[in-house]
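# Observations on chain architecture
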Amino acid sequence: MSEPGALRTRLDRLFREVAKFGVVGGLGVLVNLAVFNLVRHATELPVVRASLIATVVAIVFNYVGFRYFTYRDRDKSGRTKELTLFLLFSLVGLVIENGVLYAATYGLGWDGPLASNFFKFFGIGVATLFRFWSYRTWVFRALPAKEAVQTAESFLEQAPRQATRRQPDRV
């Protein structure tokens, strides 16, 4: 496969991964915001506590979606390690997401329903950037053998073309 072809293949795979991550993440955002508003209006819990509950529910939803949809082709051998790393990075995302809401609510005094939803959503967006990077880099890692096979196939496809260019003219 040529370099432009290999790049196109890698970009296509990345695009599909981002799209699948977006589908699961988008549904997770809806779950997060729905639970947040439900807890907010059905209980007397403070804004950030309601947000923490919603974030935990969304984390559980997202793990199932990422494991069985977005990254179903990834290494499944170390589930305990995978789940531990997922929870660790999700906890960091939870702090980012709810830190934004906390700063807006208690630091700036913006605690109305519209402001709470806006900063909840904004915090989710900031945390999502971190989560995408950490999940694909550390949690749902690509199988090394699959990458090795793709590299070998690429090498084998290039080898015959390079061999024909190097042969000297025989007289």
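Structural notes, computed from the coordinates. (Residues numbered from 1 in each chain as written. Predicted model: local features only at pLDDT ≥ 70, side-chain atom pairs only at ≥ 80, totals over all residues. Heavy atoms only, no water.)

### Re the packing of aromatic side chains
What counts, and what does not: For Phe, Tyr and Trp, where Trp contributes only its six-membered ring, two rings pair if their centres lie within 6.5 Å, and the inter-plane angle classes them as stacked under 30 degrees, edge-to-face over 60, or tilted in between. The secondary structure listing takes helices from DSSP runs of H or I that are at least 4 residues long and strands from runs of E that are at least 2 residues long, numbered from the N terminus.
Tallied over the full model, the rule gives 14 aromatic pairs. Relative to phenylalanine 132, the ring of phenylalanine 21 has its centre 4.8 Å away and its plane inclined at 80 degrees; by these criteria the two rings are edge-to-face. Taken together, the residues phenylalanine 21 in helix α1 (residues 3-42) and phenylalanine 132 in helix α4 (residues 113-139) connect sequence positions 111 residues apart. Ring geometry for phenylalanine 118 versus phenylalanine 119: centroids 4.9 Å apart, planes at 85 degrees, classification edge-to-face.

### Regarding a nonpolar patch on the surface
Counted only if it meets this: Patch membership requires over 30% relative accessible area and the absence of a salt bridge. Like charges are linked within 9 Å, and nonpolar side chains (Val, Leu, Ile, Met, Phe, Trp, Tyr) within 5 Å. Accessibility throughout is a Shrake-Rupley quantity obtained with a 1.4 Å probe, and a residue counts as covered only by protein chains that appear here. A side-chain nitrogen of Lys or Arg and a carboxyl oxygen of Asp or Glu constitute a salt bridge if their distance falls within 4 Å. Only protein chains enter the accessibility calculation, which uses a 1.4 Å probe; a residue is then buried when its area is under 20% of its type maximum, exposed when over 50%, and partly exposed in between.
Taken together, the side chains of Val23, Leu27, Leu30, Phe61 and Phe69 define a hydrophobic patch exposed on the protein surface, amounting to about 440 Å² of accessible area. Within the residue set of the nonpolar patch, elements represented by two or more residues are α1 and α2 (47-70). The residue leucine 27 is located in helix α1 in this model. Judged by relative accessible area, which is 42%, leucine 27 ranks as partly exposed.

### Notes on the environment of phenylalanine 66
Put simply, the test is: Here, two residues are considered to be in contact whenever any of their heavy atoms come within 4.5 Å of each other.
Counting through the fold element by element, phenylalanine 66 comes out in helix α2. On the basis of relative accessible area, phenylalanine 66 is assigned to the buried category, the value being 2%. Other than its neighbours up to four places away in sequence, phenylalanine 66 contacts Phe21, Val24, Gly25, Tyr71, Arg72, Phe86, Tyr135 and Phe140.

Function-wise, these values are silent; they only describe arrangement.
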